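Overview (structure and organization)
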Amino acid sequence: KTIRNKTRSKSCSQFKIPAQTERICAVAYFFPNSTSLSIMPAYTPEEQKAIDVISSYETAVNAGDAAATAALYAPDAAFFPFDFPTAKGKEAILGSYNAFFDVLTLNIKFTIDEVIVSGDLATVCSHSEGTRYLKGPDTTIPEINREVFVLTKIDGEFKIQNYMFNKPGQITE
């Protein structure tokens, strides 16, 4: 089981350092006079495979390509969009994305916050920012979300099993 939390590190969290540089920051923190750092890979190969699905998802939704987006899902997957009905199964998911892309265009960037891989399952938590262009009223508005992707391997490839997103609210601790 591999668990990586890319947003919290005792040595770097106060600086909000991007995930890929956390380890470099930790090495620099403990060895400040080092001129030669050995950079560890940011993700394991299995974590990268899960992240690659999210990258493909980002590309597909930004292109407004419902078929390419739905192709990333497992056959019995579920899509839980914010303020819209749940879509279960690839056909319903394709219909949801077709309906979305008929009325809007997205230009968003996903940032990976956490990756958990355990065997044939992976969970990817992320947040995204960008814009949503509404075709009817011809309006562009900010688009900010946080996401949870649950992935499962089918024939050795990760597919989206469940995907949910919502709007960030005020954090309480």
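Below: a short report on this structure.

About the criteria used
Residues numbered from 1 in each chain as written. Predicted model: local features only at pLDDT ≥ 70, side-chain atom pairs only at ≥ 80, totals over all residues. Heavy atoms only, no water. Salt bridge = Lys/Arg side-chain N within 4 Å of Asp/Glu carboxyl O. Helix = DSSP H or I, 4+ residues; strand = E, 2+ residues; numbered from the N terminus. Buried < 20%, exposed > 50% of the residue type's maximum accessible area, 1.4 Å probe, protein only. Contact = heavy atoms within 4.5 Å. Core = buried A, V, L, I, M, F, W, Y, C linked by side-chain atoms within 4.5 Å.

Side-chain pairs of opposite charge can arise where the charged atoms are in close proximity. Applying the stated criterion to the full structure yields 4 salt bridges. Between Glu143 and Lys167 there is a salt bridge; the shortest N-O distance is 3.1 Å. Of this pair, Glu143 sits in strand β6 (residues 139-154) while Lys167 sits in the segment after β7 (157-166), placing them 24 residues apart in sequence. For Glu143, a relative accessible area of 6% corresponds to the buried category. Sharing partners across several salt bridges, the network here consists of Glu46, Lys49 and Lys153.

This part covers the environment of Thr86. Residue position: Thr86 is located in the loop between β2 (73-80) and β3 (87-88). Classification of Thr86 as partly exposed rests on a relative accessible area of 42%. Taking the C-alpha atoms as reference, Thr86 lies 8.9 Å from Ser96; in sequence the two are 10 residues apart. Leave out the neighbours within four places in its chain, and Thr86 touches Phe79, Phe80 and Pro81.

Our focus in this paragraph is the nonpolar core. In this structure, Tyr57, Tyr97 and Tyr163 are the most contacted members of the largest nonpolar core, which totals 34 residues. When residues of this core are traced back to their parent elements, those giving at least two are α2 (45-63), α3 (66-70), β2, α4 (90-103), β4 (104-118), β5 (121-134), β6 and β7. Of all the elements, β4 adds the most residues to this core, at 7 residues. If we skip the residues at most four places from it in the chain, Tyr57 touches Thr69, Leu72, Tyr73, Tyr97, Phe110, Phe149, Ile160 and Tyr163.

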